[in-house]
Every structure is written in C-alpha cells, then in structure tokens.
Amino acid sequence: NAGVTQTPKFQVLKTGQSMTLQCAQDMNHEYMSWYRQDPGMGLRLIHYSVGAGITDQGEVPNGYNVSRSTTEDFPLRLLSAAPSQTSVYFCASSKRGSGEGMPGSNQPQHFGDGTRLSIL
Amino acid sequence: DAKTTQPPSMDCAEGRAANLPCNHSTISGNEYVYWYRQIHSQGPQYIIHGLKNNETNEMASLIITEDRKSSTLILPHATLRDTAVYYCIVRVGQAGTALIFGKGTTLSVSS
C-alpha cells in the first residue's frame, strides 16, 4: 500500500513549456485534489475531483488542467508554464465518508510528498 | 478566507505538553475541525479531527469548546520531532473535499 504517489519529485521547465504532474493513489479513494504551496504560505487548492469523470475548479485554477479517467489517477497539466507557477505541488486523496457533518467531510486527506517545480 | 486564526509561533520544552490554540468563530454546525502538520517541506500529515466532541488518538488530543468557536490541539509529551508548522483547518465547501489552509502555527520544540 503506497498511499499517494507523486512523480516527478523535482522538475525544471522553461517558460512556455508544457508538462504533466502525475498523481496516483492505491486506497480506492473517491476524492482527489491538487494544491500548490508557495514559500511561507499555506496550501491553496487548484482543482479537485469527487470521482472518475468529475472535476471542478478550486481557489487558483488558472493555467492548469485536470482530468480523472480512473479512480486511481489524477494528473495535473500545465499547458504553457509561467514563472508564477514555480511552486511545490501536492496531491491529496480521501474517502467520500458518511455520517455527521457536511457530506464527505469526515474523512482525512492523505497527501503525497510533493513535486518541486521551477520555471525559468 | 481561512476561517481560522492561530498564533504564528509557539515554543515548547521537550517532554512538556504543547497546547496549540485555534479560533474558528464563524464555523458552521456541520463543519469539522481538522489539524494537520507539515515538517520541513514534506506533504501535510493528518493529526486529528472532530465535530463536536473532544477526540484523542495516538498522536494528540483535540479539545473543542462547547460553542465550537475555538479548539486546542494537545501534544501530551512533545519531542524534537514534533517541531513543525501546525494547521488548524475548518473543512469547507466544494462538496466537503477542500481544505482551506491558513499560515498555521510554527511550533519549535527545544531540549
């Protein structure tokens, strides 16, 4: 059971290049999310998915695309990299959950180790 | 809008209890309080969460006030490895999937 696996761990791009950050989880979690973390700040939500075929925008979606064709994988695509996208990117997953509280909210998110992306 | 307020930093002596406060005065009745920590630049690590009742697990205890407007994370016997940034998060909106992170509290444990 590997949990949440992110690849690559480090990447350097030139402005205008495209790339895909990979995220895979082996826990059969319904929910998956992408966050970015800039120096000295907390994480900010980019995109999220509540299941295969369903995605939606988070707090800072511009410049990023996602798709969810399987339960296990949730790749994040940078179409035309910009220096402002230099950041550490974290992928997370969680079960849908049930019970009290807001639907889906009573299950903790499990995070990957991150991808450190530099855009020159 | 992080919906939580935490002190920017705290110090704790090794072996003593670390009590980290969090204010979430605008919390809704169906929103959980979550605590995560981040050591160096690793991925955030889940610690504990609760809705109304106090909770305890192998890592920590969570004390939620009766009006749910504030909570305290307690690390009963802090060690040097507990030095990290601790985030108090009210899980909000977007189908309950999103974690809205603030700047957290930097806990420094010293010997």
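Structural data are supplied above this passage.
Residues numbered from 1 in each chain as written. Chains lettered and ligands numbered in written order. Predicted model: local features only at pLDDT ≥ 70, side-chain atom pairs only at ≥ 80, totals over all residues. Heavy atoms only, no water.

Draft legend 1. Structural context of the nonpolar core. Residue and element names in this part refer to chain B. Membership of the largest hydrophobic core comes to 22 residues, with the highest contact counts inside it found for W35, L73, Y86 and L107. Every element with two or more residues in this core is listed here: β2 (18-23), β3 (33-38), β4 (45-50), β6 (61-64), β7 (70-75), β8 (84-90) and β9 (105-110). A total of four residues in this core trace back to one element, the largest contributor, which is β8. (Core = buried A, V, L, I, M, F, W, Y, C linked by side-chain atoms within 4.5 Å. Buried < 20%, exposed > 50% of the residue type's maximum accessible area, 1.4 Å probe, protein only. Helix = DSSP H or I, 4+ residues; strand = E, 2+ residues; numbered from the N terminus.)

Draft legend 2. Quick peek at the sheet that holds β6(B). Residues and elements named next belong to chain B. Spatial ordering of the open sheet is given by β2-β7-β6-β5, a layout of four strands whose pairing is antiparallel. Here the strands that pair on one side only, and so sit at the sheet edges, are β2 and β5 (55-56). In the sheet, β6 pairs with β7 via four bridges, with the strands oriented antiparallel. Bridge assignment links I64 to a residue of β7, and that residue is S71. (Pairing = 2+ DSSP bridges.)

Draft legend 3. Molecular detail of the sheet that holds strand β8 (residues 76-78) of chain A. Residues and elements named next belong to chain A. One open sheet accounts for four strands, arranged β1-β3-β8-β7; its pairing is antiparallel. One side of each edge strand has no neighbouring strand; the edge strands of this open sheet are β1 (4-7) and β7 (64-66). Each neighbouring strand pair of the sheet contributes to a mean axis angle of 20°, computed without reference to strand direction. (Axes fitted to C-alpha atoms, helices over the stretch in contact; angles between N-to-C directions.)

Draft legend 4. Representation of the pattern of salt bridges. A full pass over the atoms with the stated rule returns four salt bridges over all chains. In this structure, the salt-bridge partner of A:R36 is A:D38, at a minimum N-O distance of 2.9 Å. In this structure A:D38 comes out as buried when scored by relative accessible area, which is 13%. Of the charged contacts, one joins B:K3 and B:E31 as a salt bridge, the two residues approaching to 3.1 Å between their closest N and O atoms. In this pair, B:K3 is assigned in the segment before β1 (9-13) and B:E31 in the loop between β2 and β3, connecting sequence segments 28 residues apart. Taken together, the salt bridges that share partners define one network made up of A:R36, A:D38 and A:R44. (Salt bridge = Lys/Arg side-chain N within 4 Å of Asp/Glu carboxyl O.)

Draft legend 5. Region of interest: the state of the cysteines. Tallying each qualifying case throughout the model produces two disulfides over all chains. A sulfur-sulfur separation of 1.9 Å characterises the disulfide bridge that pairs A:C23 with A:C91. Measuring handedness by torsion sign, the sulfur bridge of A:C23 and A:C91 sits at about -75° and is left-handed. Taken together, the positions of A:C23 in strand β3 (residues 19-25) and A:C91 in strand β9 (residues 87-94) put the pair 68 residues apart, joining distant regions of the chain. Judged by its relative accessible area of 0%, A:C91 falls in the buried class. Disulfide pairing places B:C22 opposite B:C88 at an S-S distance of 2.1 Å. (Disulfide = S-S within 2.5 Å.)

Draft legend 6. A look at the pairing of strand β6 (residues 54-57) of chain A. Residues and elements named next belong to chain A. Pairing between strand β5 (residues 43-51) and β6: three bridges, direction antiparallel. Residue G51 lies in a different strand from β6, and its bridge partner there is I54. Adjacent in sequence and paired antiparallel, β5 and β6 are bridged by two residues, among which G53 carries a positive phi angle near 85°.

Draft legend 7. Up close: unusual backbone geometry. Across the junction of A:T7 and A:P8, the peptide omega takes the value -5°, indicating a cis bond. For A:P8, the location among the structural elements is in the loop between β1 and β2 (10-13). Positive phi is not limited to glycine here, since A:N28 has a value of about 60°. Summarising the element assignment, A:N28 is placed in the loop between β3 and β4 (31-37). The phi dihedral of B:R68 is positive, around 65°, even though this residue is not glycine. In this structure, B:R68 sits in the loop between β6 and β7.

Draft legend 8. Quick look at the environment of B:W35. Of note, B:W35 is situated in strand β3. Note: C-alpha distance between B:W35 and B:R81 (46 residues apart in sequence) is 17 Å.

Any link to function would need more than the numbers given here.
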